[in-house]
Structure formats: structure tokens, C-alpha cells
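Chain by chain, the residues run as shown.
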Amino acid sequence: QINAISMNAELVKLLLERSDVARADETIKRMLSDCGRYGRMVRGLERFGACMTARERETVKVADLIDGATVAFIQERSSAKPTMTADVDGASIVVDRVGMQRVLTGLIHNAAEAGAASIAIQARREADAVVMVVADDGSGIAPNVRARIAEPFFTTRRDEGHNGLGLTLATEILSAHGGSLTIDENVGRGTRVTLRLPLA
């Protein structure tokens with residue numbers, strides 16, 4: 001990335017020496033776009049590192065966790081508002097609140113970016129666990145992507161500044177909490193992500 005910016009800067013210098021202002025302007029715009037994309041990638045890596053840092057865990061009501069993730073998403077993308085239903089009977093889990101909320105918010109973002117018009121977040125008790133489901137009606141996951149979806153640094157949206165660590169991070173955080181993450185999808189009919197965590 002740094003090499004690309006450096007090469008484009010040299011190109012701008014050469015174009016200006018030739019008085020080719022139009023191409024120089026196009027190159028500068030491309031550089032600014034690249035800088036924005038690289039900035040998003042770096043911020044994503046910073047969030048990944050922050051989430052992997054051990055934090056004190058606390059008892060959190062599942063409904064509060066879902067509400068917090070929903071609000072965080074809406075604040076960033078007010079144009080898409082997920083529907084949320086929860087039936088948890090006041091169930092609580094012992095988690096790193098910040099990390100787990102980021103997992104949920106990231107899953108909602110993924111659904112919105114897949115073109116979902118409706119995103120439903122549901123939670124229920126199941127024996128000694130709480131199961132949370134983020135389901136959407138987006139484009140689903142293509143078969144050629146499905147096998148690599150949780151692979152670190154794999155992304156189909158690298159040009160938009162994505163670093164491919166979102167699901168890797170979510171899986172690691174769930175595993176650290178003694179839980180699990182599974183993904184079910186039908187191409188063109190949405191995606192369903194299930195999080196399972198032990199009750200407090």
C-alpha cells in the first residue's frame with residue numbers, strides 16, 4: 001500500500017512537470033481514495049487487536065447486549081434499521097461486554113452490506129446456554145466463498161477497505177468464552193449466524 005502511494009506521488013510529480021494537470025488530478029483523487037481505504041483497513045486491524053486484548057468479564061443481560069449492538073449499528077448506518085426480537089427471560093452471560101457487542105455489531109454490518117432489507121436478531125435459552133441468531137434476507141454467501149469465509153484476511157471487499165478479520169475475530173471471541181459460532185446460508189435467500197454461549 002505504501003509503495004502504491006509512493007509510486008502515484010512520483011507519477012503526479014512527472015505529470016505536473018509535463019503540465020498534464022488533468023491526469024495529475026485524477027491520480028491525486030485515486031491516491032486519496034486509496035488512503036481512505038487503507039485507513040479503514042488499519043482501523044479494522046486496531047479493532048481486531050483491541051478485541052483480542054484480555055478484559056475483565058462481567059455479568060451482562062443478553063437483552064442489554066443485543067440492544068447495545070443494535071444502537072451502535074444504527075448510529076453508524078441510520079439508513080438501515082434491523083428488527084430485533086428477544087425471548088431470553090432475563091438470561092445473563094459472563095462476557096467481555098465490549099468484545100461481544102462488537103461481534104454482534106459486526107454481524108449486523110455484514111448483513112447490511114450483503115443487501116439485507118431486514119435483519120432480525122433473536123435470542124433464546126437452550127438448556128444451559130443462550131443462543132443468539134442474526135438472520136437476514138440479503139444475497140447470502142456464494143458457494144466459492146463459503147469454504148473460506150472465516151479464513152483470516154480473506155474478504156471479497158478488500159477494495160472497500162475490509163481486512164477479512166471480522167468473522168475470524170468473532171469466532172475467536174466466542175471460542176474464548178466457551179461458545180461457538182456457526183453459519184447457515186442459502187444463496188440469494190439470506191444468511192443465518194448462530195452464536196451459542198454458556199449461561200452465567
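Residues numbered from 1 in each chain as written. Predicted model: local features only at pLDDT ≥ 70, side-chain atom pairs only at ≥ 80, totals over all residues. Heavy atoms only, no water.

J.: What exactly am I supposed to notice about helix α4 (residues 97-113) here?
T.: It helps to recall that an α-helix has 3.6 residues per turn; residues three or four apart then point in one direction. The first and last C-alpha atoms of α4 sit 24 Å apart over 17 residues, in line with the 24 Å expected at 1.5 Å per residue. Within α4, burial applies to Gly 99, Met 100, Val 103, Leu 104, Thr 105, Leu 107, Ile 108, His 109, Ala 111 and Ala 112. With a side-chain oxygen lying 3.2 Å from the backbone nitrogen of Val 98, the N-terminal cap of α4 falls on Asp 96. Gly 115, located one to two residues past α4, shows a positive phi value of around 85 degrees. (Helix = DSSP H or I, 4+ residues; strand = E, 2+ residues; numbered from the N terminus. Expected span 1.5 Å × (residues − 1). Buried < 20%, exposed > 50% of the residue type's maximum accessible area, 1.4 Å probe, protein only. Polar contact = N/O pair within 3.5 Å; in protein donor to acceptor, adjacent residues only side chain to side chain.)

J.: Is there a simple way to explain the packing of helix α3 (residues 62-76) against α4 in this structure?
T.: Packed helices, taken two at a time, are described by the angle their axes make and the gap between the axes. Across the interface, α3 lies against α4 with an axial gap of 9 Å and an inter-helix angle of 50 degrees. Considering their axes alone, α3 and α4 lie oblique with respect to each other. The element α3 and its partner α4 pack so that their crossing is right-handed. Mapping the contact onto sequence places Leu 65, Ile 66, Gly 68, Ala 69, Thr 70, Ala 72, Phe 73 and Glu 76 in α3 and Arg 97, Met 100, Gln 101, Leu 104, Thr 105, Ile 108, His 109 and Ala 112 in α4. When the residues that make up the contact of α3 with α4 are grouped by side-chain class, the tally is nine nonpolar, five polar and two charged. (Axes fitted to C-alpha atoms, helices over the stretch in contact; angles between N-to-C directions. Parallel < 35°, antiparallel > 145°, perpendicular 65-115°, else oblique. Left-handed = near helix turned anticlockwise from the far one by under 90°. Contact = heavy atoms within 4.5 Å. Nonpolar A, V, L, I, M, F, W, Y, C, P; charged D, E, K, R; others polar.)

J.: Looking at this structure, how should I read the nonpolar core?
T.: Soluble globular proteins: nonpolar side chains tend toward being buried together. By size, the foremost hydrophobic cluster in this structure holds 33 residues, and its most contacted members are Val 62, Ile 93, Leu 104, Met 132 and Leu 195. If you list the elements that add at least two residues to this core, you get α3, β3 (92-95), α4, β4 (119-126), β5 (129-136), α6 (166-176), β6 (180-185) and β7 (191-198). Ranked by residue count, the leading element in this core is α4, at seven residues. (Core = buried A, V, L, I, M, F, W, Y, C linked by side-chain atoms within 4.5 Å.)

J.: It is not clear to me how the pairing of β5 should be interpreted in this structure. Could you clarify?
T.: Two faces, one strand: in a regular strand the side chains alternate between the faces of the sheet. For β5, a buried count of seven out of eight residues is recorded, marking the element as mostly surrounded by other parts of the structure. Pairing of β4 with β5 involves eight bridges; the strand directions are antiparallel. Bridging across to β5, Ile 119 finds its partner in Asp 136. What sits between β4 and β5 in their antiparallel hairpin is a turn of two residues, with Ala 127 showing a positive phi close to 60 degrees. Alignment of β5 against β7, held across seven bridges, turns out to be antiparallel. Among the inter-strand pairings, Met 132 is bridged to a residue of β7, identified as Leu 195. (Pairing = 2+ DSSP bridges.)

J.: Just to check I follow, could you spell out the pattern of salt bridges for this structure?
T.: Oppositely charged side chains are able to pair whenever their charged atoms sit close together. Inspection of the entire model under this criterion finds five salt bridges. Of the charged contacts, one joins Arg 23 and Asp 20 as a salt bridge, the two residues approaching to 3.9 Å between their closest N and O atoms. For Arg 23, a relative accessible area of 43% puts it in the partly exposed group. Each of Arg 124, Glu 126 and Arg 196 takes part in one network of salt bridges that share partners. (Salt bridge = Lys/Arg side-chain N within 4 Å of Asp/Glu carboxyl O.)

J.: Looking at this structure, I do not really get the environment of Thr 194. What am I missing?
T.: On the secondary structure map, Thr 194 appears in strand β7. Among the residues examined, Thr 194 registers a relative accessible area of 14% and is labelled buried. Distance from Thr 194 to Gln 122, taken between C-alpha atoms, is 9.5 Å for residues 72 residues apart in sequence. If we ignore the near neighbours within four places in the chain, the residues touching Thr 194 are Val 131, Met 132, Val 133, Ser 180, Leu 181 and Thr 182.

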